[in-house]
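Examination of the molecular architecture
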Amino acid sequence: MADSDLHLSIDLIPNDELAALAKGESIDALVGQSRDRAVIDISVELKERADADKAAVKAAMATASAAAKLIEEHGTDAKLTPEQNAALDLFVLLTARPSLFVKGGIVPDRPDNWPQLGERSGEIEQRIAGVGRIEMSPGGARNATGTGFLVGDRRVMTNNHVVAALARSNPQTWKSEPVRYAADVEEANDEWADAAHRPTFNLLGEIDSDAAKATKITRVVAHHPEVDLAVLEIEDVPEGGKTLKLANGQPDPIRGRDIYVLGYPVAARLESEGLIGRIFGGVDALGTKRCSPGKTIGRVDGNLHHDASTLGGSSGSAVVDFELDAVIALHFAGKAREANRAVPLWSLRNDPLLVDNGVVFG
């Protein structure tokens with residue numbers, strides 16, 4: 001079986017975590033964590049098989065442990081099989097870069113390796129209150145097109161390609177055919193002038209809850225021609241909604257910063273779909289709000305790269321810096337074993353397209 005490249009985020013995982021994995025110390029603990037940190041792939045037909053789940057996790061972690069031993073021995077030159085890479089992805093997801101459920105406006109699961117989740121819980125709760133699910137129409141996750149967050153009075157920031165989905169346009173039209181995209185946005189705004197046809201911004205959308213704090217999206221007020229960013233106007237700010245603070249300047253250093261991503265992931269990105277389905281149970285977690293801690297990798301081609309666990313549906317998520325307690329970037333894309341990409345917002349702090357349309361920095 002052919003070798004594959006080492007997962008990019010492995011070099012940012014603390015050495016003590018890899019060392020513990022290489023010794024097999026994390027395997028039993030991961031079995032208990034698996035369902036609490038579930039990521040769902042809706043394409044998998046799922047059955048309740050608790051014994052099989054436990055065996056599957058243990059088998060995957062044993063494979064990851066073998067891979068960790070190779071990394072200890074060979075470093076970034078380690079050559080891993082696809083099975084070992086998939087098992088390491090599972091380890092990353094459950095331990096080093098978990099995608100944690102938000103319940104009741106808080107993150108109840110606080111892994112020992114991310115003490116910031118407890119130390120800064122009050123700040124995190126304030127940021128959670130400003131992030132919502134963008135829905136094609138009221139009705140929850142199955143109508144979701146992405147994520148957005150409050151950036152000013154009745155202003156929500158998201159991606160151009162999320163807006164394209166709302167406008168029933170090709171996701172890449174904003175970049176490849178800007179004139180057509182502008183026309184599609186104008187047509188959507190005309191349609192949304194009728195309140196009955198407006199999409200929805202929902203500040204809740206949590207696991208194990210049907211509660212909603214939703215408002216209608218009235219129009220697109222700005223769409224950036226150069227980066228995957230758009231600004232929406234909403235009818236009103238739902239009760240308890242908080243405007244997120246946007247970073248005014250570039251963080252220093254830019255690499256290796258502790259961050260967390262708030263959004264609504266939908267589908268699992270791991271290759272071993274059958275295994276994921278057996279481990280993670282039913283579809284109740286589809287498109288629910290998550291907090292995903294991780295680290296920045298650096299700035300590449302104008303974008304901020306990070307390694308937090310972001311999945312389909314995370315487009316438009318807020319990338320929040322723990323230390324600065326501010327949103328430093330707008331997540332827009334990712335590719336397994338490469339990087340997740342986000343728009344660095346500090347670079348747009350004086351952009352009139354944002355400032356003149358109600359986006360507040362600082």
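**Here's the deal with the overall build of the protein**
- When its secondary structure is counted, the protein shows 11 helices and 13 strands.
- Nonlocal contacts in the protein, meaning residues at least 24 apart in sequence, comprise 71% of its contacts between residues at least 6 apart.
- For the protein, the exposed area adds up to about 15000 Å²; of that, 47% sits on carbon and sulfur atoms.

**Digging into the pairing of strand E4 (residues 155-158)**
- Burial along E4 is two-sided: the residues Arg155 and Met157 and Val156 and Thr158 are all buried.
- Here strand E3 (residues 144-152) runs beside E4; their pairing, made up of three bridges, is antiparallel. Considered in E4, the bridge of Gly152 is made with Arg155.
- In textbook terms, the turn of a hairpin is the stretch between consecutive antiparallel strands, and for E3 and E4 this stretch comprises two residues, one of which, Arg154, has a positive phi near 60 degrees.
- With four bridges joining them, E4 and strand E7 (residues 230-234) adopt antiparallel strand pairing. Opposite Thr158, over in E7, you have Ala230 as the bridge partner.

**Some thoughts on the nonpolar core**
- Judged by nonpolar contacts, the single largest core of 33 residues is most densely connected at Phe149, Met157, Leu229, Leu246, Val327, Leu345 and Val359.
- Mapped by element, the contributors of at least two residues to this core are helix H6 (121-128), E3, strand E6 (214-223), strand E8 (258-263), strand E11 (318-321) and strand E12 (326-335).
- Ranked by residues supplied to this core, first place goes to E12 with three residues.
- Ignoring anything within four residues of it in the chain, the contact list for Leu229 reads Met157, Thr158, Asn159, Asn160, His223, His224, Leu330, Leu345, Leu348 and Leu354.

**Side note on unusual backbone geometry**
- Here Asp252 and Pro253 are connected by a cis peptide whose omega angle stands at 0 degrees.
- Of note, Pro253 is situated in the loop between E7 and E8.
- The phi dihedral of Asp208 falls on the positive side, at around 60 degrees, and the residue is not glycine.
- With respect to the secondary-structure elements, Asp208 resides in the loop between strand E5 (200-202) and E6.
- Of the residues examined, Asp208 reaches a relative accessible area of 63% and is grouped as exposed.

**Considering the confidence of the model for the protein**
- Mean pLDDT for the protein: 84, with 83% of residues reaching 70 or above.
- With pLDDT under 50 throughout, residues 1-9 is counted as low confidence; its partners more than four residues away or in other chains account for 28 contacts.
- Here residues 42-48 is a poorly scored stretch, pLDDT under 50, and it has 13 contacts once near neighbours within four places are set aside; other chains count.

**Overview of the packing of aromatic side chains**
- For the structure on display, the rule yields two aromatic pairs.
- For the ring pair Trp114 and Phe322, a centre distance of 6.3 Å and an interplane angle of 20 degrees mean the geometry is stacked. Residue Trp114 is located in the loop between strand E1 (100-101) and helix H5 (116-119), and its partner Phe322 is located in the loop between E11 and E12; the two are separated by 208 residues in the primary sequence. Here the two residues Trp114 and Phe322 agree in accessibility, since each one is buried.
- Ring centres of Tyr260 and Phe322 lie 4.8 Å apart, and the angle between their planes is 50 degrees; this geometry places the pair in the tilted category. With Tyr260 in strand E8 and Phe322 in the loop between E11 and E12, the pair connects residues that are 62 residues apart, well separated along the chain.

**Digging into the pattern of salt bridges**
- Across all of its chains, the model carries 14 salt bridges by this definition.
- In this structure, Glu135 and Arg133 form a salt bridge, with 3.0 Å as the shortest nitrogen-oxygen distance. When sorted by exposure, Glu135 lands in the same class as Arg133, which is buried.
- Of the charged contacts, one joins Glu323 and Arg257 as a salt bridge, the two residues approaching to 3.1 Å between their closest N and O atoms. Here the residue Glu323 occupies a position in the loop between E11 and E12, and Arg257 occupies one in the loop between E7 and E8, the gap between them amounting to 66 residues.

**Section: the sheet that holds E7**
- Here six strands make up a closed barrel; going around it, the order is E2-E3-E4-E7-E6-E5 and the pairing antiparallel. Direction aside, neighbouring strands of the sheet carry axes that sit 45 degrees apart on average.
- The pairing of E5 with E6 spans three bridges and is classified as antiparallel. Looking at the pairing, Thr200 lines up with Lys216 of E6.

**Re helix H4 (residues 82-96)**
- Between its terminal C-alpha atoms H4 stretches 19 Å, which fits the 21 Å expected from 15 residues at 1.5 Å a residue.
- In terms of burial, H4 is a largely internal element, 13 of the 15 residues being buried.

**A look at the pairing of E8**
- The buried fraction of E8 is high, at five of six residues.
- In this sheet, strand E9 (residues 290-300) lies alongside E8 in antiparallel orientation, the contact comprising six bridges. By the bridge assignment, Leu262 is partnered in E9 with Cys291.

What counts as what
- Throughout this description, residue numbers start from 1 for each chain and increase along the sequence as written.
- Given that the model is predicted, a residue must reach a pLDDT of at least 70 before its local features are reported, and side-chain atom pairs must reach 80 or more before they are shown or counted; all residues, however, enter totals for whole chains, interfaces and linings.
- To get the side-chain values, all heavy atoms of the structure are used, and hydrogens and water are removed first.
- The helix count covers DSSP runs of H or I at least four residues long, the strand count covers runs of E at least two residues long, and both are numbered beginning at the N terminus.
- Residues count as neighbours in contact if any of their non-hydrogen atoms are within 4.5 Å of one another.
- Accessible areas in this description were obtained via Shrake-Rupley with a 1.4 Å probe; residue shielding takes into account the shown protein chains only.
- Relative accessibility under 20% of the residue-type maximum defines a buried residue, over 50% an exposed one, and the middle range a partly exposed one, all with a 1.4 Å probe and only protein chains included.
- Strand pairing is assigned whenever DSSP detects at least two bridges linking the two strands.
- By convention a nonpolar core is built from buried Ala, Val, Leu, Ile, Met, Phe, Trp, Tyr and Cys residues, the set being connected through side-chain atoms within 4.5 Å.
- Each residue carries a pLDDT score, the predictor's confidence in it, ranging from 0 to 100.
- The rule is short: rings of Phe, Tyr and Trp, with Trp giving its six-membered ring, pair when the centres are within 6.5 Å, and they are stacked under 30 degrees, edge-to-face over 60, tilted in between.
- Salt-bridge detection follows one rule: a side-chain nitrogen of Lys or Arg within 4 Å of a carboxyl oxygen of Asp or Glu.
- Axis lines are fitted through C-alpha atoms, for helices just across the contact stretch, and the angle between N-to-C directions can take any value from 0 to 180 degrees.
- The span one expects for a helix is its residue count, reduced by one, times 1.5 Å.

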